[in-house]
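# Fold and geometry: a report
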Amino acid sequence: MRLSGLFAASLAAGVTTVTALEVDLLISARSSEVDSDWTAVFYDVARPLLIGNDGGASTGGFHVFDLNGNGSLPEKQHETPGRTKLVTTAYGISEKDLIVTIAMPDSYFRLYDASTAELVGEPLTHTLGDWSALCTWKSQTSGEQYLYLFGKSQAVHFLLREREGSYELIEIQTFETPVEASSCAVSPSAYSVYFAGDDSPTIYTFAAAETTEVPHISTLGEAGNDVTGLATYIGRNSDYLLVAEEDIIEVFDISFNLLGSMKLTGDEDIEIQGLNVYQASTDMYPSGAVTYAIESDSGTGFGVSSSETAFEELGLVLNTAYDPRKKTCKPTSPVCSDCSFSGFCGSDATSSSCSCFAGFDGSNCAAFTCRNDCSAHGKCIGANICQCDEGWGGLYCAFKVVQPVAETEANGGDGDDPAIWVSPIDKTESRIITTTKSEEGAGFGVFDLSGGRLQTIAAGEPNNVDVIYNFQAGNRTVDLVYAACRADNTLCLFEMSTNGTLQTIAGGIQPTKDDYDVYGSCAYRSRTTGKQHLFVNAKTAEYLQYELTWADGALHTSLVRNFTGGSGGQVEGCVTDEANGWIIIGEEPHALWRYGAEPNDDSSEGFLIGEVGDGKMYADVEGVTLVEGSSPDKGFIIVSQQGVSAYNVYRRAAPHEYVETFTIYENTEKGIDAVTNTDGIAAVGAALGDEFPLGLIVVHDDANQLPAGGTSDEASFKLVSLVDVLSDELMEEVDKNWDPRAL
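Residues numbered from 1 in each chain as written. Predicted model: local features only at pLDDT ≥ 70, side-chain atom pairs only at ≥ 80, totals over all residues. Heavy atoms only, no water.

### A few points about the sheet that holds strand 48 (residues 542-551)
To be explicit about the condition: For two strands to be treated as a pair, DSSP must find no fewer than two bridges joining them. We count a stretch as a helix when DSSP gives it H or I for four or more residues in a row; a strand needs E for two or more, and each element gets its number in order from the N terminus. Structural elements are reduced to axes, namely lines fitted to C-alpha atoms, with helices fitted over the stretch in contact, and the angle between N-to-C directions of any two is expressed from 0 to 180 degrees.
Spatially, four strands are ordered 46-47-48-49 in an open sheet, and the strand pairing comes out antiparallel. Among the strands making up the open sheet, the edge pair consists of strand 46 (521-525) and strand 49 (554-564). Geometrically, the sheet is characterised by an average inter-axis angle of 25° between neighbouring strands, direction not taken into account. As defined by bridge partners, strand 47 (residues 532-537) adjoins strand 48 across six bridges and the pair is classed as antiparallel. Looking at strand 48, one finds that Val536 is bridged to Leu544.

### Some thoughts on the packing of aromatic side chains
Counted only if it meets this: Pairing of aromatic side chains here covers Phe, Tyr and the six-membered ring of Trp, requires ring centres within 6.5 Å, and sorts the geometry by plane angle: under 30 degrees stacked, over 60 edge-to-face, intermediate tilted. Exposure classes here rest on a 1.4 Å probe applied to the protein chains alone. A residue is buried below 20% of its type maximum, exposed above 50%, and partly exposed in between.
Here the structure, examined in full by the defined rule, presents 27 aromatic pairs. Ring geometry for Trp137 versus Tyr146: centroids 5.3 Å apart, planes at 25°, classification stacked. As far as the burial class goes, Trp137 and Tyr146 line up, both buried. With 6.5 Å between their ring centres and 50° between their planes, Phe150 and Phe206 make a pair best called tilted. Separated by 56 residues along the polypeptide, Phe150 in strand 14 (residues 145-150) and Phe206 in strand 19 (residues 202-207) bring together distant segments of the chain.

### Examining the sheet that holds strand 9 (residues 87-93)
The antiparallel open sheet is built from four strands, whose spatial order is 9-10-11-12. A single partner strand is all that each edge strand has here, and the edge strands are strand 9 and strand 12 (118-124). Here the average twist between neighbouring strands, direction ignored, is 25°. Sheet topology note: the strand 11 (residues 109-113)/strand 12 ladder contains four bridges and is antiparallel. Bridged to Asp113 within strand 12 is Glu118.

### With respect to unusual backbone geometry
Residue Asp620 follows Ala619 across a cis peptide bond; omega there is -10°. By the secondary structure assignment, Asp620 is in the loop between strand 53 (607-611) and strand 54 (621-628). Pro655 follows Ala654 through a cis peptide bond whose omega is 10°. Structurally, Pro655 is set in the loop between strand 56 (646-651) and strand 57 (658-664). Phi at Ser340 is positive, roughly 60°, even though this residue is not glycine. Examined against the element boundaries, Ser340 turns out to sit in the loop between helix 2 (308-313) and strand 28 (343-347). Residue class for Ser340 comes out partly exposed when judged on its relative accessible area of 23%.

### Remarks on the pattern of salt bridges
Under the convention used in this document: Each reported salt bridge corresponds to a side-chain nitrogen of Lys or Arg within 4 Å of a carboxyl oxygen of Asp or Glu.
In total, this model carries 26 salt bridges according to the counting rule given. Put simply, Asp97 and Arg325 hold a salt bridge, and the shortest N to O gap is 2.9 Å. With Asp97 in strand 10 (residues 96-102) and Arg325 in the loop between helix 2 and strand 28, this pair connects stretches of sequence that are 228 residues apart. Judged by its relative accessible area of 13%, Asp97 falls in the buried class. The partner of Lys263 in a salt bridge is Asp247, and the shortest N-O contact between them spans 2.6 Å.

### Some remarks on the environment of Gln387
For Gln387, the position within the fold is in strand 33 (residues 385-388). Under the relative-accessibility criterion, Gln387 is labelled partly exposed at 47%.

### Quick notes on the state of the cysteines
Our working rule: Cysteine sulfur atoms are paired as a disulfide whenever they come within 2.5 Å of each other.
In total, this model carries nine disulfides according to the counting rule given. With its sulfur 1.9 Å from that of its partner, Cys135 forms a disulfide with Cys184. Judged by the sign of its S-S torsion, about 125°, the bond between Cys135 and Cys184 is right-handed. Of this pair, Cys135 sits in strand 13 (residues 133-138) while Cys184 sits in strand 17 (residues 181-187), and the two are 49 residues apart along the sequence. Overall, Cys135 belongs to the buried group, its relative accessible area being 5%. With a relative accessible area of 4%, Cys184 lands in the buried category.

### Section: the confidence of the model for the protein
Test applied: You can read pLDDT as the predictor saying how much it trusts each residue, on a scale of 0 to 100. Contacts were defined at the residue level, with two residues in contact if any of their heavy atoms lie within 4.5 Å.
Chain-level pLDDT for the protein is 94 on average; 97% of the residues reach the 70-or-more range. For residues 4-18, every residue scores under 50 in pLDDT, and the model assigns this stretch eight contacts once sequence neighbours within four places are set aside.

### Let's talk about a negative patch on the surface
Selection criterion: Here the term patch refers to residues with relative accessible area over 30% and no salt bridge, with like charges joined within 9 Å and nonpolar side chains (Val, Leu, Ile, Met, Phe, Trp, Tyr) within 5 Å. Working definition of accessibility: Shrake-Rupley area with a 1.4 Å probe, residue cover restricted to the visible protein chains. Residues counted as positive are Lys and Arg, residues counted as negative are Asp and Glu, and His and the chain ends are not counted. Working definition for charges: the position is that of NZ of Lys, CZ of Arg, CG of Asp or CD of Glu.
On the surface, Glu33, Asp35, Asp198, Asp199, Asp226, Glu246, Glu271 and Glu295 cluster together to form a negatively charged patch. Residue placement: Glu295 occurs in strand 26 (residues 289-296). Take Glu295: its relative accessible area is 48%, and that puts it in the partly exposed class.

### Re the nonpolar core
Applicable threshold: We call a set of buried residues a nonpolar core when its members are Ala, Val, Leu, Ile, Met, Phe, Trp, Tyr or Cys and they connect through side-chain atoms within 4.5 Å of each other.
If you look at the biggest cluster of nonpolar residues, it comprises 69 residues, and the most contacted ones within it are Ile51, Phe109, Leu111, Leu147, Leu149, Phe150 and Leu160. Setting aside residues no more than four positions away along its own chain, Leu149 makes contact with Leu86, Ile102, Phe109, Thr127, Trp131, Ala133, Leu134, Gln154, Ala155, Val156 and Phe158. Ranked by size, the runner-up nonpolar core spans 33 residues in total, among them Ile432, Tyr469, Met496 and Leu719.

### Considerations on the pairing of strand 15 (residues 154-163)
The element strand 15 is extensively covered by neighbouring structure, given that seven of its ten residues are classed as buried. Of the pairings in the sheet, the one linking strand 14 to strand 15 comprises six bridges and is antiparallel in character. When the bridges of strand 15 are listed, Tyr148 appears paired with His157. Hairpin connection from strand 14 to strand 15: three residues lie between these consecutive antiparallel strands, with Ser153 at a positive phi of about 55°. Relative to strand 16 (residues 166-176), strand 15 runs antiparallel, the two sharing ten bridges. Note on strand 16: the bridge partner recorded for His157 is Gln173.

In structure tokens, the structure reads:
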């Protein structure tokens, strides 16, 4: 048992204020290696369970473990509906207990019988987005079961119920949140929902309520460090809020008074997230247990700690009698027949009214509507359910649908970004270069235009990749491939030979500044000075601009500028427009921006091209590419939007008018899967032979789903004909004879 450092400092200063205690919380049991983020628990006297997500490509879904494991957690079941971050449990839905999860590849919810882990019914409620937190709340007044799903600065409130023999997940409303939540928890006694984002100590709260009114979100308080997980412990009279901060769990009362903290022990370099609590007594944990996703020196997976000693040392009151199946006494549901069971019923002394759920309308909520009227490209067939016209899909039929014509061979682990190298000898021999940013398989892949893998070469976890043409290396003129390498925070450069293979080059690993973590990158050659520049960014939005030179038989770099891109949110993707002297950057949660690319350009303020929430752009804003036109005012900017697996097209010329959004569906004839959770993108308008006579787009695909079923552990990139995206009229603006070396 320890007193915090603040208490020691207070004693030294002669102050008598006593701060909270810190006690040890030993890791009691762990799972085998799993790509873990989130835990749920299932209360059962005979078979208490820990349920954890699996974010792996081929193993994605969830695992079920016996909570009573001693030292190791015995796995009971593994379901693979697709890569997911989230899983939770709900009790007593038509007398059945359920596991609830949402798969990232198809954005459908799935329900499983918690007792058997068998799928219940068909996937339901397609909810397109990149979701990051999921909580359940059962109203103590009505007994109704609700879910809160959090994503890119938004949350969706659902009602989970059984009607006429099947389960329904009904959207009540969607509302904005100040951050992308990475954790959430609910206090039934306080009727409060809590959530927090990554890389921040701030905890937010709003009322858990049966209403269609947009909740008022306020700041509950600041934790001691950045929050990595939240959970509530249901007390006898009042609840506790548990806040994970890497290897520490702080405990607060519902008024956010700090009661103490628990430090995870039993391994080194511990970081936990996806916090949860099993309060009831089990054979192994008579006073209950704390569960979490864990990453440490021993690996990644799930862990369990006994609550008993730590709770007693902190003076916390245990409540092992807690039962999530406890029914509400004389429940009164606001979901009633007068509102067609599609809204909340309200009444006063003189009249009654209905507050309809999202997509329902009319005085009794019997009618239904669709957002944006299905974008004039479909028919509304249910509450916010559109039947899209042929050639349209995505959010409310707003996205043009195209199909891939080829894909790269599966390669590496976690892919990110592609580039297209145009051959100086024969354009049909041009190459696609891709990155693998995961430790496993880290480096570059080189592919021909049919997607065949020609080469792999190791590099230090490269993220974004770009091509540099006609660089003067002494008496040689060479093409280079450039990326920011995250393994050692360097700038990585390789030479691309005229035969389309990569090779190392002297000075190909260049340092950045101290305490700087590289992320995205792109290259720029000044039309004014002829100098070659390299841009690199960090998640903090700090951009560094280096000049690339050749001296003494090797590459060299020198820092010429640094600036903050966008509004300070996380950045990654960028592309340069050399003819106009611009760099165009993606700020993931917020916007697409344009800045001057010359070292002496004013970078104090950028030009806003598109903004999340403007009705056209969606988070996360990821990869950016430029399709060259025949003049600097012709051509197009294309940007990927990860949360909706789609791409926006803007005009190259200022003020960068929005053109269209497209998404990439499966090509069943060729056995190529759809693109989901997309990241990097590259495009050229030049004719590349018979296969791509009118240009090529290459995009990252997060889940490489196989024709025979399942998902590959290795990434693939999809190839799309540019003419399938741009209309004939728009294609007139594209330079089909673009030659990157003739500039």
